[in-house]
Amino acid sequence: MLPTMLLLSVAPLSSCMVIPSTQHVADVGIIGAGPAGLALAHAMINEGHSVRIFERRNSFRPVGAAVFMHPFALNSLRTISPALEGQLQDVCTQIHTLSFTTLSPDAPTFKLDKLGDAPDVLGAPFVSVRFWDMLQALRIGLPDDCFAFDHQLDTFEQHADSGVTLHFN
């Protein structure tokens with residue numbers, strides 16, 4: 001069961017924000033267009049809610065390095081949407097073995113060579129993915145108009161009527 005959704009309105013804190021404070025913007029406001037924000041947007045849209053993702057960056061552009069993902073992360077994404085999990089796996093590299101070595105001769109060195117068994121044991125593989133590729137895969141299927149770039153959240157107010165007003169600078 002999903003939590004009760006809050007009505008969202010946006011009030012200007014500076015000249016950057018142009019949406020009138022009385023305008024209903026979306027059922028769900030998500031702060032940040034990172035992996036969690038994009039996955040949440042998919043989940044809320046799948047449940048029939050309108051979504052607005054507020055991102056402080058001025059565009060959707062390459063960021064980050066690489067991410068190592070545990071099988072449970074992919075299993076959780078599959079719960080939201082098997083198609084979404086597939087989109088992400090398409091840009092991932094499965095990891096079968098990890099070797100740890102150090103430059104110090106007295107430090108331990110070891111190898112994990114059973115990671116390739118993870119799909120059978122844990123339901124999904126251990127994977128590595130470039131952060132930007134992950135964001136692009138998670139963005140697929142989200143409407144362009146759900147993104148509001150150049151919005152740095154400053155404060156928010158929760159109202160007695162269950163509405164929320166977000167203030168951006």
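Keep in mind that what you see is a predicted model, and the values were worked out from it rather than measured. Residue positions are given per chain, counted from 1 along the sequence in the order it is written. Local features in this predicted model are restricted to residues whose pLDDT is 70 or higher, and side-chain atom pairs enter the listing and the counts only when it is 80 or higher, whereas totals over whole chains, interfaces and linings include all residues. To obtain the side-chain values, all non-hydrogen atoms of the structure were used and water was disregarded.

**Student:** Can you lay out the pairing of strand 9 (residues 127-130) for me, pointing to particular residues and giving the numbers?
**Tutor:** Relative accessibility under 20% of the residue-type maximum defines a buried residue, over 50% an exposed one, and the middle range a partly exposed one, all with a 1.4 Å probe and only protein chains included. Labels follow the DSSP assignment, with helices taken as runs of H or I lasting at least four residues and strands as runs of E lasting at least two, numbered in each case from the N terminus. Only one face of strand 9 is buried: it carries Val127 and Val129, and the other face, with Ser128 and Arg130, is open. As paired elements, strand 5 (residues 66-69) and strand 9 share 4 bridges and run antiparallel to each other. Residue pairing across strands places methionine 69 opposite valine 127, the latter belonging to strand 9. Note: two strands are recorded as paired if DSSP finds a minimum of 2 bridges between them. Bridge count for strand 6 (residues 93-94) against strand 9 is 2 bridges, and the pairing is antiparallel. Of the residues in strand 9, the one forming a bridge with threonine 93 is serine 128.

**Student:** Talk me through the nonpolar core; I want residue IDs and the actual numbers.
**Tutor:** Think of a nonpolar core as a cluster: buried Ala, Val, Leu, Ile, Met, Phe, Trp, Tyr and Cys residues, connected wherever their side-chain atoms sit within 4.5 Å. Ranked by internal contacts, the top residues of the largest apolar core, which has 28 residues, are Leu38, Val51, Ile53, Met69, Leu88, Leu142 and Phe147. If you list the elements that add at least two residues to this core, you get strand 3 (28-31), helix 1 (35-46), strand 4 (51-54), helix 2 (71-80), helix 3 (82-90), strand 9 and helix 5 (131-139). Throughout, a residue-residue contact means that at least one pair of heavy atoms, one from each residue, lies within 4.5 Å. In this structure leucine 38 touches Ala33, Ile53, Phe60, Leu135, Leu138, Arg139, Leu142 and Phe147, once residues within four positions along its chain are discounted. One finds Val25, Ala26, Phe54 and Val164 within the second-largest nonpolar core, a separate group that totals 7 residues.

**Student:** Quick one: what's the story with unusual backbone geometry, residue by residue and with numbers?
**Tutor:** The backbone of aspartate 150 shows a phi angle near 65 degrees, a positive value even though the residue is not glycine. Among the secondary structure elements, aspartate 150 is positioned in the loop between strand 10 (147-148) and strand 11 (153-158).

**Student:** Tell me what's going on with the environment of leucine 112, and back it up with residues and numbers.
**Tutor:** In this structure, leucine 112 sits in strand 8 (residues 110-112). Note on leucine 112: relative accessible area 37%, which makes it partly exposed. C-alpha of leucine 112 to C-alpha of histidine 96: the two residues are 16 residues apart in sequence and 8.4 Å apart in space. Residues contacting leucine 112, with those up to four places away along its chain left out, are His96, Thr97, Leu98 and Phe100.

**Student:** Let's hear about helix 5: which residues, and what values?
**Tutor:** Those residues of helix 5 that fall on the buried side of the exposure criterion are Trp132, Asp133, Met134, Leu135, Ala137 and Leu138. Residues of helix 5 that are buried sit in contact with helix 1, strand 5, helix 2, helix 3 and strand 9. Of the residues one or two after helix 5, glycine 141 is the one with positive phi, at around 95 degrees.

**Student:** An account of the sheet that holds strand 4 is requested, with residue identities and associated values reported.
**Tutor:** The strand order across the open sheet formed by 3 strands is 3-4-10, and the pairing between neighbours is parallel. Two strands bound the open sheet, and with one partner strand each, they are strand 3 and strand 10. Only the stretch in contact is used when a helix axis is fitted, and all axes are lines through C-alpha atoms; the angle between N-to-C directions ranges over 0 to 180 degrees. Lying over the sheet, helix 1 contacts strand 3, strand 4 and strand 10, oriented at roughly 170 degrees with respect to strand 4.

**Student:** Lay out the packing of helix 3 against helix 5 in plain terms, naming residues and giving numbers.
**Tutor:** Two elements in contact, helix 3 and helix 5, have axes separated by 9 Å at closest approach and are oriented at 150 degrees. When the interaxial angle is binned, helix 3 and helix 5 end up roughly antiparallel. With respect to the hand of their crossing, helix 3 and helix 5 are arranged in right-handed fashion. Facing Leu84, Gln87 and Leu88 of helix 3, the residues of helix 5 in contact are Met134, Ala137 and Leu138. Roughly parallel means an angle under 35 degrees; roughly antiparallel, over 145; roughly perpendicular, 65 to 115; everything else is oblique. Less than a right angle of anticlockwise turn of the near helix away from the far helix marks a crossing as left-handed, whereas a clockwise turn marks it as right-handed.

No statement about biological role is implied by the geometric values presented.
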